[in-house]
Amino acid sequence: MTAEEPTRRQGAARATPPAPARLVAVWAGGTIERGLPEGAPLVVGRSTLCDVRVDDASVSRRHVEVLLQADKLRVADLGSSNGTRVRGRTLAPGEIDAIGHAEALEVGDALLLLHLPGTPAPQPVAYPTDTEGGATAASGELREAVEQAERARILDALAKGGGNQTRAAKILGVSRRTLVYRLDRYGLPRPRKGGG
């Protein structure tokens, strides 16, 4: 063994590729998970010709397109009958919306969980210098950063649990009831009970 060999082995161990981005679809009749390839759009819909088939009557034949490009996710509604909702807002047909690192979409009655690996870096928070102890904008920024991190963890757990609320709660180390409360609090759609 040469002096360089341990260094090569250590370098190979550090060069482990990151976990792939993924899409998990959950509906009353089932669950499906797919990797999100870089630069290749995935069409989600009811048709057998779609890249991700969601066999639910509320989902259009070609419902929504998902694209991962340069570590950014974009979705576009393909003129679906029952709409695509992002953060509670229905996209117009053909409208493209940017998606965060861990996001849930409502596609008809189905739920799509989109996940990019890794946690977003925390944003620096300017702490108040208010000597009177009053509430400031910085405390609101901190609360928002904590809520974003919690929301991302919940969506990640749902993705890892295949959309199953009980499994996601177990991953998070909370009760299913607590998870449901958090989903409602953040305005996140609840996966249907038949999924997973």
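What counts as what
- Residues numbered from 1 in each chain as written.
- Predicted model: local features only at pLDDT ≥ 70, side-chain atom pairs only at ≥ 80, totals over all residues.
- Heavy atoms only, no water.
- Buried < 20%, exposed > 50% of the residue type's maximum accessible area, 1.4 Å probe, protein only.
- Helix = DSSP H or I, 4+ residues; strand = E, 2+ residues; numbered from the N terminus.
- Arc of directions from axis to C-beta.
- Polar contact = N/O pair within 3.5 Å; in protein donor to acceptor, adjacent residues only side chain to side chain.
- Salt bridge = Lys/Arg side-chain N within 4 Å of Asp/Glu carboxyl O.
- Pairing = 2+ DSSP bridges.

Details of helix α3 (residues 165-172)
In step 1: Within α3, burial applies to Q165, A168, A169 and L172. Across the axial projection of α3, the buried residues extend over an arc of 100°, all falling on one side.
In step 2: Where α3 begins, the side chain of N164 points an oxygen toward the backbone nitrogen of T166, at a separation of 2.9 Å.
In step 3: Phi for G173, located one or two positions after α3, is positive at around 75°.

Notes on the pattern of salt bridges
In step 1: Considering all chains together, one arrives at seven salt bridges under this definition.
In step 2: The partner of E150 in a salt bridge is R182, with the nearest N and O atoms 3.2 Å apart. One end of the pair, E150, is in helix α2 (residues 137-160); the other, R182, is in helix α4 (residues 176-185), and 32 residues separate them in sequence.

So, α4
In step 1: All of the buried residues in α4 are L179, V180 and L183. Angularly, the buried residues of α4 cover 100° about the axis, an arc narrow enough to put them on a single face. Exposed and oriented more than 90 degrees from the buried face of α4 are R177 and Y181.

A word on the sheet that holds strand β1 (residues 22-27)
In step 1: The six strands are arranged β2-β1-β11-β10-β7-β8 in an open sheet whose pairing can be described as antiparallel. The open sheet is flanked by β2 (30-35) and β8 (89-90), the only strands paired with a single partner.
In step 2: Direction of pairing for β1 relative to β2: antiparallel, over a ladder of six bridges. Bridging from a neighbouring strand, A25 pairs with I32 of β2.

Some points on the pairing of strand β9 (residues 96-99)
In step 1: What you see with β9 is a clean split: D97 and I99 sit on the buried side and I96 and A98 on the side with no burial.
In step 2: Two elements, strand β6 (residues 72-77) and β9, share four bridges in a ladder whose sense is antiparallel. Paired with A76 across the strands is I96, a residue of β9.

Some details on the sheet that holds β9
In step 1: The mixed open sheet is built from five strands, whose spatial order is β4-β3-β5-β6-β9. The open sheet has two free edges, formed respectively by β4 (52-53) and β9, since each of these has just one partner strand.

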